[in-house]
Amino acid sequence: MKKSIIEKIWDRHIVYQEENKPDLLYIDLHYIHEVTSPQAFEGLRLKGRKLRRPDKTFATMDHNVPTIERYFIKDEIARKQLSALEQNCKEFGITLADLDSPDQGIVHVIGPELGLTKPGMTIVCGDSHTSTHGAFGTIAFGIGTSEVEHVFATQTLWQTKPKTLKLEITGKLGNGVTAKDVILYVISKYGVNFGTGHIIEYCGDVIRNMSMEERMTVCNMSIEGGARAGLVSPDETTFSYLKGRKHSPKGEEFEKYVQDWKSLASDEGAMFDTEIVIDGSEISPMVSWGTNPGMASPVDGHVPNHKEDKEADKSLQRALEYMGLSEGMPITEIPVQHVFIGSCTNSRIEDLRQAAEVVKGKKVYEGVKAMIVPGSQSVKRTAEEEGLDKIFIEAGFEWRESGCSACLGMNPDIVPAGEHCASTSNRNFEGRQGSGARTHLVSPAMAAAAALHGKFVDIRELRGSRGQAELAY
Amino acid sequence: MKPISVYTGKAAVIDRANIDTDQIIPKQFLKRIERTGFGEFLFFDWRFDSEGNERKDFELNQPQNKGAGILIAGENFGCGSSREHAPWSLQDYGFDIVIAPSFADIFQNNCFKNGMLPIALKKEEVRNLMDAAEQEGHEITIDLKSQTVSDNKGFTAKFDIHPYWKEMLLNGWDEISITLKYGKQIDEYENRESPVSTI
Ligand code: SF4
């Protein structure tokens, strides 16, 4: 039978199968962080259970760490959560990238960076953006805390086989159009639940031509389209990214793995439950205007007008009221007071390079508060070696330590009520960046441009005729 | 976990689609390391204004919705983050059952693990129940064994649930204890596949 890559990986991981039951699936790698793990450790202790494979578990501190004066955590409950993780890792023998570690960073940034994430794996984490790791040809999905505990105790999960969705993006992207715009466009076109119950395979020329970091941006937001997981089959781009990383196989062993990884592609003619084809050239730089990631328009477009469908209109009106916008308003007239470049969607080195290229030699618009939060300590070091930090600081950006930061504002980095934030993160839900905060999701280059102008500008006009090649630094 | 089989009670309605887990339990309450006590923070930013007063116009603050054990909402309920604090807070507040046209995958799983029942009905059926729930004395009965939802005004509808979860909920079983019985199969898998080395 012809199989998709999704089925190939799934079938390799079945520990036990029985009719009328989900499959018992083996989990190769389990990432954990401070927010969704404490109750799971507590569960183990209460029942006197062992953690089956500490060697397949990796921990980091990211969600509520401060990004300035990082050792000075004023919030006592946050501090308790971090020290709980530290103690739990010690007690159960888990490797932890804590605040002192050169490897610390957002879990979905450091996993790939350290070469922990590898093609063909099943990967879970108590975090919905675990889908990011799908960029390497893995089945990677977010789980709840009870499931975290289940993986601790058994290294498995009972999972019903999801449906498969092939999302092909053909042709070429226009100038100034990035991976972030691709995924925002897909979600705005097909809705925030088009992927529910599915794993997505992203394919087509546009995806093939993307770097690993760009593929991660796309896979990251699979969950915003309702899909627990999204993946890209591995290729030379994947292998060369992985070669030489800290936890990648070494020497001949690496080549052996590559041979196996090459088999991880969908067979010609494999069947999918759903198929979508998009022409890459129809995509523009995108800006979200509403309160879910599907509410987004091209930068040269408008906030939508009154909808015929009563329910759709009700959510439109609610969203506009929250966002303080009016029907039909041009996107480029939305004022911007805050800019956040960071999060597991767009805080990697290529993202920072793109933002720096826009910012270089210019100044942040008066009254705009702009900050850059690198995804990891390693990204931060590289950026500093390249002098990007100076470009940002000279322009008037704040240059911070790594963490989730204003993506969800669990630490002190929050956007005040009523203010608009151009953000490279993945969620624009009500209150996500702070109570009453108004989030607009954009690419790093678009966020940087908004910082310079105090409103959204079309990055294509800013660049004139300059092309994608230069955009990539 | 306490078993669920039949439940009868009042329903509260929040007629909105795409209610995300950031609304159900805002992030400022995720720092606790306990599993309990999240009910008071449920829908916090919708329930309370910045001074901490109840917002009169929010559904759960209206007198007819107090004391309800069933929540009825719009499609794609529970989308967004994987935080299990969402079902914990719903349950702690008093909702063991949520009815909606559809649910986000992770949220749905998280409910099952906590002995909560997410019930997906057709859009029109949810609409009918929402309208009926506004009437005085309206009560809904959920029967998990026969997989039916009915009310005291003549409504009935069937719902789907995976037999695995149905059995788990009816018996109130702890999933980990069950899986640990497959220890031999897991050992065999590890010996056979020697899965990709990691850390
Ligand atoms: S950066 Fe944001 S979306 Fe990503 S893991 Fe952190 S909080 Fe979640």
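Not measured: the values here are computed from a predicted model.

To continue, consider the overall build of chain A. On a plain count of helices and strands, chain A comes out with 17 helices and 19 strands. In summary, chain A has a C-alpha radius of gyration of 21 Å against a globular reference of 23 Å for 473 residues, a match within 12%. Burial statistics for chain A: of 473 residues in total, 67% are counted as buried. Contacts spanning at least 24 positions in sequence make up 76% of the contacts within chain A whose residues lie at least 6 apart. Surface exposure of chain A reaches about 16400 Å², of which carbon and sulfur atoms provide 49%. Put simply, chain A has 54 plus and 66 minus side-chain charges, and the middle of one group is 3 Å from the middle of the other.

Residues and elements named next belong to chain A. Counted under the stated rule, the structure contains five cavities of 30 Å³ or more. When its volume is computed, the largest cavity comes out at roughly 220 Å³. Forming the boundary of the largest cavity are 24 residues, of which H63, D127, H129, L408 and R432 lie nearest the centre. Its residues placed into classes, the lining of the largest cavity shows eight nonpolar, 11 polar and five charged. Composition of the lining of the largest cavity by domain shows at least three residues from each of domain 1 (5–275) and domain 2 (289–471). In this structure, the second largest cavity occupies an estimated 90 Å³ of space. Forming the walls of the second largest cavity are T178, A179, K180, E213, E214, T217, N346, E350, D351, Q354 and P444.

Residues and elements named next belong to chain A. With numbering matched to this structure, UniProt assigns "binding site: [4Fe-4S] cluster" (unreviewed entry) to C344, C404 and C407. Taken together, the annotated residues stretch across 64 residues yet fold into one region, lying no more than 8.7 Å apart by C-alpha. Considering only the residues just annotated, the largest cavity is lined by C344, C404 and C407. Leave out the neighbours within four places in its chain, and C344 touches I106, H108, V109, H129, N220 and N426. Residue placement: C407 occurs in the loop between β17 (398–399) and β18 (420–423). Leaving out residues up to four positions away in the same chain, C407 has contacts with F340, S343, S425, N426, R432 and Q433.

Moving on, we get to the site of the ligand. All names here are of chain A. Near the ligand you find H63, I106, H108, D127, H129, S343, C344, C404, C407, L408, N426 and R432, and these make up its full shell. Applying the majority rule of atoms within 2 Å of the grid points places the ligand in the largest cavity. Tallied by class, residues from the shell around the ligand come to five nonpolar, five polar and two charged. Here the shell around the ligand spans two domains, since at least three of its residues come from each of domain 1 (5–275) and domain 2 (289–471).

This paragraph deals with the sheet that holds strand β8 (residues 156–159) of chain A. Hydrogen bonds between backbone atoms are what pair the strands of a sheet, whose relative direction is either parallel or antiparallel. Strand order in this open sheet of three strands is β1-β2-β8 (chain A), and the pairing throughout is antiparallel. Looking at strand neighbours, the two that pair on one side only are β1 (14–16) and β8 of chain A, the edges of this open sheet. Averaged over all pairs of adjacent strands, the angle between their axes in this sheet comes to 45°, without regard to strand direction. The sheet contact formed by β1(A) and strand β2 (residues 23–26) of chain A spans two bridges and is antiparallel. For Y16(A), the partnering residue across the bridge sits in β2(A) and is L24(A). Across the sheet, helix α8 (residues 183–193) of chain B lies against β1, β2 and β8 of chain A, angled at about 145° from β1(A), the strand it touches most.

Our next topic: the UniProt feature "domain: Aconitase A/isopropylmalate dehydratase small subunit swivel" (unreviewed entry) in chain B. The positions UniProt marks with the feature "domain: Aconitase A/isopropylmalate dehydratase small subunit swivel" (unreviewed entry) are residues 4–123 of chain B. Helix makes up 22% of residues 4–123 of chain B and strand 17%. Its end C-alpha atoms lie 25 Å apart.

Residues and elements named next belong to chain A. With 10 of 10 residues buried, helix α5 (residues 145–154) is to be regarded as a mostly interior element. Restricting attention to buried positions, one finds in α5 the residues T145, S146, E147, V148, E149, H150, V151, F152, A153 and T154. A positive backbone phi angle near 60° is found at Q155, which sits one or two residues after α5.

This part covers the domain arrangement of chain A. Residue and element names in this part refer to chain A. The domain architecture assigned to chain A consists of domain 1 (5–275) and domain 2 (289–471). The centre of domain 1, based on its C-alpha atoms, is set 25 Å off from the matching centre of domain 2. Taken together, the contact pairs 42 residues of domain 1 with 46 residues of domain 2. Our enumeration of links across domain 1 and domain 2 arrives at one salt bridge. For E224, the salt bridge is made with R427, and the minimal N-O distance between the two is 2.7 Å. Run the count over domain 1 and domain 2 and you get 24 residue pairs in polar contact (both at pLDDT 80 or more). Those elements giving two or more residues to the side of domain 1 that touches domain 2 turn out to be α4 (107–113), α6 (179–190) and α8 (212–220).

When you line up the elements, R12(A) lands in helix α1 (residues 5–12). Taking the relative accessible area as the measure of exposure, R12(A) reaches 32% and is therefore partly exposed. Considered as a pair, R12(A) and A135(A) are 123 residues apart in the sequence and their alpha carbons are 19 Å apart. Sequence-distant contacts of R12(A), defined by excluding residues within four places in its chain, comprise D260(A), S263(A), L264(A), Y189(B) and E193(B).

Parameters and conventions
Residues numbered from 1 in each chain as written. Chains lettered and ligands numbered in written order. Predicted model: local features only at pLDDT ≥ 70, side-chain atom pairs only at ≥ 80, totals over all residues. Heavy atoms only, no water. Helix = DSSP H or I, 4+ residues; strand = E, 2+ residues; numbered from the N terminus. Rg over C-alpha atoms; globule rule 2.2 N^0.38 Å. Buried < 20%, exposed > 50% of the residue type's maximum accessible area, 1.4 Å probe, protein only. Contact = heavy atoms within 4.5 Å. Areas by Shrake-Rupley, 256 points an atom, 1.4 Å probe, with all protein chains shown as cover. Lys, Arg positive; Asp, Glu negative; His and termini not counted. Charge placed at Lys NZ, Arg CZ, Asp CG, Glu CD. 1 Å grid on protein atoms, 1.4 Å probe; cavity = no way out; pocket = protein on both sides within 12 Å on 5 of 7 lines; lining within 4 Å. Points joined across faces, edges and corners; volume = space filled by probe spheres on them. Nonpolar A, V, L, I, M, F, W, Y, C, P; charged D, E, K, R; others polar. Domains from an automatic or database assignment. UniProt positions renumbered as here; feature names shortened; annotations may be inferred. Near = heavy atom within 4 Å. Sits in = over half its atoms within 2 Å of the grid points. Pairing = 2+ DSSP bridges. Axes fitted to C-alpha atoms, helices over the stretch in contact; angles between N-to-C directions. Salt bridge = Lys/Arg side-chain N within 4 Å of Asp/Glu carboxyl O. Polar contact = N/O pair within 3.5 Å; in protein donor to acceptor, adjacent residues only side chain to side chain.

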